[in-house]
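Below, each chain spelled out in residue letters.
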Amino acid sequence: MMINPADIFKIKQGWDRFRENHPKFPLFARAVMQNGIEEDSVIEIAVVTPDGKRMETNMKVTASDLEFFEMIKGVATGEEA
């Protein structure tokens, strides 16, 4: 699969904007990664809509998930994974 460099640039710009809007999230993600998220860890996500509806899910981290996280981290920081 070929990735268009322009698309990577758009993703990087979007990440930079996201980081500005939500400065605590990258700090949280960095702390999680530094402490070593491992295969078989469980990630839980909850979303609460403005009207109070709650949606939740979780996922068990696989080896391929860890590879994907490293790739995304490289794109977000401008470094090669």
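Just so it is clear, the structure is predicted and the values come from calculations on it, not from any experiment.

Colleague: Looking at this structure, how should I read the overall build of the protein?
Modeller: In terms of helices and strands, the protein carries three helices and two strands. Since a compact globule built from 81 residues should have a radius of gyration of about 12 Å, the 15 Å found for the protein marks it as more spread out than a globular shape. Each principal axis of the C-alpha distribution contributes one length, and for the protein these read about 40 × 30 × 25 Å. Across the 81 residues of the protein, 6% fall into the buried class. By sequence separation, contacts in the protein at least 24 residues apart represent 31% of the contacts at least 6 residues apart. Carbon and sulfur atoms provide 58% of the accessible area of the protein, an area that totals close to 7000 Å². Of the charged side chains in the protein, 10 are positive and 14 negative, and the gap between their average positions amounts to 8 Å.

Colleague: Where do I start with unusual backbone geometry in this structure?
Modeller: Comment: phi is negative for the bulk of residues other than glycine, and the bulk of peptide bonds are trans. Even without glycine at this site, aspartate 40 takes up a positive phi of about 80°. Along the polypeptide, aspartate 40 turns up in the loop between α2 (24-34) and β1 (42-48).

Colleague: I'm lost on the pairing of strand β2 (residues 54-60) in this one. Help?
Modeller: For a regular strand, the rule is simple: side chains alternate between the two faces of the sheet. Of all seven residues making up β2, only zero are buried, and the element is barely covered by its neighbours. Bridging between β1 and β2 involves seven bridges; their strand directions are antiparallel. Bridging across to β2, alanine 46 finds its partner in glutamate 56.

Rules behind the numbers
Residues numbered from 1 in each chain as written. Predicted model: local features only at pLDDT ≥ 70, side-chain atom pairs only at ≥ 80, totals over all residues. Heavy atoms only, no water. Helix = DSSP H or I, 4+ residues; strand = E, 2+ residues; numbered from the N terminus. Rg over C-alpha atoms; globule rule 2.2 N^0.38 Å. Buried < 20%, exposed > 50% of the residue type's maximum accessible area, 1.4 Å probe, protein only. Contact = heavy atoms within 4.5 Å. Areas by Shrake-Rupley, 256 points an atom, 1.4 Å probe, with all protein chains shown as cover. Lys, Arg positive; Asp, Glu negative; His and termini not counted. Charge placed at Lys NZ, Arg CZ, Asp CG, Glu CD. Pairing = 2+ DSSP bridges.

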